[in-house]
Every structure is written in C-alpha cells, then in structure tokens.
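Fold and contact review
Here are the chains, one letter per residue:
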Amino acid sequence: MRKEEKMMDNKEIPYKIYLEEHEMPKQWYNLRADMKNKPAPLLNPGTGKPVTLEEMSGIFCEELAKQELDDQTPYIDIPDEILQFYKMYRPAPLVRAYHLEKYLNTPAKIYYKFEGNNTSGSHKLNSAIAQAYYAKKQGLKGVTTETGAGQWGTALSMACAFLGLDCQVYMVKVSYEQKPFRREVMRTYGADVTPSPSDKTEVGRKIRAQFPDTNGSLGCAISEAVEAAVTQEGYRYVLGSVLTQVLIHQSVIGLETKIALDKYGEKPDIIIGCAGGGSNLGGLIAPFMGEKLRGEADYRVIAVEPASCPSFTRGTYAYDFCDTGAICPLAKMYTLGSSFMPAPNHAGGLRYHGMSSVLSQLYDDNYMEAVSVTQTEVFEAAEQFARVEGILPAPESSHAIRVAMDEAIRCRETGEEKTILFGLTGTGYFDMYAYEKFNDGEMENYTLTDEEIAESIAKLPKVPGQE
Ligand SMILES: *Cc1c(COP(=O)(O)O)cnc(C)c1O
C-alpha cells in the first residue's frame, strides 16, 4: 500500500463526528417492515381481537394510530416542520470516547451517541415533536400524557409550547417530589403537571384507595392520562416510549449514527442501550438491526435494564396491559405484569413493567441480548464517565455506560479491538438527589425475589391462546 493510501485509511477520527444539515436523515425507518416474525398485534381488551384503526383513533391521533399499525412501510417521510424543529438541536453528536478508552486502557474503540443536547435533556424530544405535530395537524386542542422521571413530560411540554397545544402531564408521584425542578421546567413551557396517582381521575382515586402509600408508577400514570384524554373533547393521549410509533421517530438516532460512522468506514461490533420501554434502544439499533434482519451484516445488540425492574431478563413474554388501570390495548411483550409496582429505583425512566413489542419479538427470536445491572454499579460507572468524558449522565443512560465499560474491560483482558457503540440518552442534572445518595454511600440495591415476580405474573390478563 502506498503511503498516501495508508494515510487515507487511517483517517483520524475526530472526538465528535457531526453531520452537515443536508446529511441529516429525511425519513424515519420502520424496523417492522424487515421483520419476518412481526410483533404480535395489539388486542382490544374487550373483544380479544386485534385493535382496529378506528378504535385506536379514539385514544391516539389518527396519523400516529396509522404508524402504530403499519408493519409494511419501511421508510416514512419526516414532515418538513419536524425536520425544521430537529435542526434546532440535531444532528446529535456522535462522540469517540477517547478519554474513556484511555482511562480503561482498552484496545476497544468506544463511541456514544449523545442525545442530551437539548433543554429536555434526553432523546424524548425526537418523538415529542412528532406526536405534537400530528395532534396539531389534526386540529386538536391538546394532549395528555404521563411522565416518570420527567424527561418525557419536559420534552412534550417543549414541543407543545412550540406548536401552541395544551399539555397535561401526570407525573409519577415519587419523581414529582424528588424532582421539583423538572416540574418547574414543564410549567415554564406551559404544561399543567399533576402528581400521579391523583384524585383528578377515577382510576387514580381507585389506585389511591387500594394503595394509600404508593409512590406511583408509570403504568398507573398512563391510566390516568388515558382517562383524561378520552373524557375531554379535543384531546388525545400521547406516550413517550414502548409504542412502535415512538420507535419509528427515534430511528433518527440510529440513522444519524450510521451516516456518521459510514463517513469513517466504522462499523460497531457491539451496540448497547438502556431499556425502559425500549424507545432509545429501538431507535439506535434500527438501521443496524435492519441490516441484520436482511442478512447484510451482523451486530451484537445488548439491552441493559435495572435489576429492580428486569422485564427482559426475568419477565414473561405474554399479552399484558400497557397500563396499571387496564384501559390501554393489550400488547404482547416481555413483562413483569401490569400490577407490578417497582421499588423506587433512581432511574425513573426505566421503571416500566413491560417492553416494546418490537424489541420483545427481536429478543424472543434471539436477535438481541439483555442484561440487568444493580444501581450502585450503574452509579460507579456514571461517576467514572463524568470524570473522564465531562458529561454528567442520566441514571438511565448510565446503565448503558456500565455495560459498555464492562465490554471494553473485557477487550482489555482478551486483547480484542472491538468497536463498541452505546446510546448516551441524556443528562442527569435533575438527578442530583440520586447522586447525593450514591456519594453519601446510602444507595441501596434492590433485586426482586422470584415470589414478587410470580405474584404479578399470576395476574396477567386472560387472552385466547394464553392460559
Ligand atoms: C425515558 C428515558 C430512557 C428510557 O426510555 P426508553 O424508551 O427505553 O428509551 C432512557 N434514558 C433517558 C435519559 C430517558 O429519559
């Protein structure tokens, strides 16, 4: 090889790989189009039959209901208004973690896609603007939603403020109390924020009567938000994770990543993401998993979940309710049972009983792996990462950091020069209460007992073919 050719080959990879505006993806990618085993259909809990577009449209905006049911169209044009909004905070940087590599003394190359570069502090804005846009286009007055850690509610309130839509947020009680500043960001963007369970809804009142000391849960807040949507004229419900439409919008993460890596001829061996409902992971892996499904390339994909809420690693693959109040359609997914009330883990965004039905099917078909980690090991990784890479990560994102670091350490031991890509979904500035607990040595690990899991699994709904 001639000298200059060699230099071309070794094109130095910058610390941050940015894309030009014109290189940004103009279409989302719908992974289901390339899945041979499609995710099982959503079922109407009343009839046990697949939900129809008409039934879905009572709860969701029509265009979003269409996306939810579409498992054929691979590429969906991103409307121009959404592209213009994306340009305010995208493309998100793809970072080569040189400092982390050096700190770990690993031969592995580590990349992370950083989605915390916007005021909401996470990837959730990618879908929030899309959902608010379709609601506005349909002429609605407003939307209702739940929020766990607060990132989704913040993202949605930003999107609604931009488009002039009313935004009502049911916030999981423990987060409402632990994260007063998140609540204020939402109110600054004009949202109406209610701690859940509340007495504003019938389902909220019922849950409070049954569990007076509850910290709340995502499933329960979802039930309240759905009830609020269907009982108010001109409102629809929007959800920040789990649903397939959300994975479609989040595919922008993976598409940008792939374009950036391709510029430098880089190909990840391992792709890692934290998994709450599965939207950031589903988005990050989308184009890579597409190649894997079509037999064009192979990647190892790892979902990381908290030991206190291990839907993939210890859940059951079955039809379940997406919410505690059992109002939403039934989805077939890896679940801990919709009656499951997770321990107050500090990664609020990962405290959900179920998992995206797309990722559940891929996991069941062995296209991806999953691991669970305890919160103290997660915060150890978060602190090391913050100290060498500068960014203070969200507790959720730090689950992915933990496993990326573990894989890089394994490479140090085996001498393998793997390329590791992980999703850094957000920043942790509103999680300082959790960091405080960790710094004071007061953080506890909670691992579920088999009995606790069996108890909520025993309450799975009865569906034809599922005993
Ligand atoms: C919501 C959230 C998650 C988890 O949700 P997914 O739908 O699984 O992506 C992860 N990280 C951050 C920062 C979040 O806000």
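Structure shown above.
Note that the structure is a prediction, hence the values are computed from the model and not measured.

The rules behind each value
Residues numbered from 1 in each chain as written. Predicted model: local features only at pLDDT ≥ 70, side-chain atom pairs only at ≥ 80, totals over all residues. Heavy atoms only, no water. 1 Å grid on protein atoms, 1.4 Å probe; cavity = no way out; pocket = protein on both sides within 12 Å on 5 of 7 lines; lining within 4 Å. Points joined across faces, edges and corners; volume = space filled by probe spheres on them. Helix = DSSP H or I, 4+ residues; strand = E, 2+ residues; numbered from the N terminus. Nonpolar A, V, L, I, M, F, W, Y, C, P; charged D, E, K, R; others polar. Pairing = 2+ DSSP bridges. Contact = heavy atoms within 4.5 Å. Axes fitted to C-alpha atoms, helices over the stretch in contact; angles between N-to-C directions. Near = heavy atom within 4 Å. Polar contact = N/O pair within 3.5 Å; in protein donor to acceptor, adjacent residues only side chain to side chain. Areas by Shrake-Rupley, 256 points an atom, 1.4 Å probe, with all protein chains shown as cover. Sits in = over half its atoms within 2 Å of the grid points. Salt bridge = Lys/Arg side-chain N within 4 Å of Asp/Glu carboxyl O. Buried < 20%, exposed > 50% of the residue type's maximum accessible area, 1.4 Å probe, protein only. Core = buried A, V, L, I, M, F, W, Y, C linked by side-chain atoms within 4.5 Å.

1. Points about the layout of surface pockets
To find leftover empty space, one rolls a probe the size of a water molecule over the atoms. In this model, the largest pocket occupies a volume close to 440 Å³. If you list the elements that add at least two residues to the lining of the largest pocket, you get α10 (202-210) and α19 (450-457). Within the lining of the largest pocket, the residues separate by chemical class into 10 nonpolar, five polar and four charged. Its boundaries defined by the atoms lining it, the second largest pocket holds a volume of some 260 Å³. Contributing to the lining of the second largest pocket are 18 residues, with Arg32, Ala40, Pro41, Leu42 and Glu68 lying nearest its centre. Listing elements by their share of the lining of the second largest pocket, those giving two or more residues are α3 (62-69) and β13 (330-335).

2. Side note on the sheet that holds strand β1 (residues 16-17)
With mixed pairing, seven strands are arranged side by side in an open sheet as β1-β4-β5-β15-β10-β11-β14. The open sheet terminates on both sides in strands that have one partner only, identified here as β1 and β14 (369-373). Bridge analysis of strand β10 (residues 270-274) against strand β15 (residues 419-424) gives three bridges, and the strand direction is parallel. Bridge pairing in β15 places Ile272 opposite Phe422. Of the strands in this sheet, β1, β4 (94-96), β5 (109-114) and β15 touch helix α12 (residues 244-263), which is tilted by about 140° from β5. Helix α16 (residues 375-389) contacts β4, β5, β14 and β15 of the sheet and is inclined by roughly 95° relative to β14.

3. Focus: the site of the ligand
Close contacts around the ligand come from 18 residues, with Lys124, Ser241, Ser279, Asn280 and Thr425 the closest. At 3.1 Å, a side-chain N or O of His123 approaches an oxygen atom of the ligand. At 2.6 Å, a side-chain N or O of Lys124 approaches an oxygen atom of the ligand. Look at the ligand: alone it shows 380 Å² of surface, and the protein chains cover 98% of it. According to the grid-proximity analysis, the pocket containing the ligand is the largest cavity. Tallied by class, the residues present in the shell around the ligand amount to four nonpolar, 12 polar and two charged.

4. Structural notes on the pattern of salt bridges
Summed over the entire model, instances satisfying the criterion amount to 25 salt bridges. Between Asp431 and Lys179 there is a salt bridge, with its nearest N and O atoms 2.6 Å apart. Remark: Lys179 occurs in the loop between α8 (173-178) and α9 (180-188) and Asp431 occurs in the loop between β15 and α18 (432-439); sequence separation between them is 252 residues. Each member of the pair Asp431 and Lys179 is classed as buried. Notably, a salt bridge pairs Arg314 with Asp450, separated by 2.7 Å at the nearest N-O pair. Pair noted here: Arg314 is in helix α14 (residues 311-314) and Asp450 is in helix α19, with a separation of 136 residues, a long-range link. Through salt bridges with shared partners, one network takes in Arg90, Lys113, Glu115 and Glu256.

5. Thoughts on the side chain of Lys258
The topology assignment puts Lys258 in helix α12. Residue contacts for Lys258: discarding those within four places in its chain leaves Pro287, Phe288, Glu291 and Tyr299.

6. Focus: empty space enclosed by the protein
All chains considered together, the criterion is met by four cavities of 30 Å³ or more. Roughly 320 Å³ of volume is contained in the largest cavity. Taken together, 31 residues form the lining of the largest cavity, with His123, Lys124, Ser241, Gly349 and Leu350 sitting closest to its centre. For the lining of the largest cavity, the secondary-structure elements that each account for two or more residues are β6 (142-147), α7 (151-163), α11 (218-230), α13 (279-293) and α17 (395-414). Across the lining of the largest cavity, the residue classes break down as 10 nonpolar, 18 polar and three charged. Computed from the structure, the second largest cavity encloses a volume of approximately 130 Å³.

7. Some details on the pairing of strand β12 (residues 316-321)
Of all six residues in β12, five are buried, a share of seventy percent or more. Note: β12 against β13, six bridges, orientation antiparallel. Bridging from a neighbouring strand, Thr316 pairs with Thr335 of β13.

8. Focus: the nonpolar core
Trp28, Ile82, Tyr86 and Leu156 are the most contacted members of the largest nonpolar core, which totals 38 residues. If you list the elements that add at least two residues to this core, you get α4 (80-89), α6 (125-137), α7, β7 (166-172) and α12. With eight residues, α6 is the single largest residue contributor to this core. Counting residues in each nonpolar core, the second largest holds 37 residues, with Ile17, Leu31, Ala303 and Tyr317 among its members.

Limitation: the analysis is restricted to geometry and does not speak to function.
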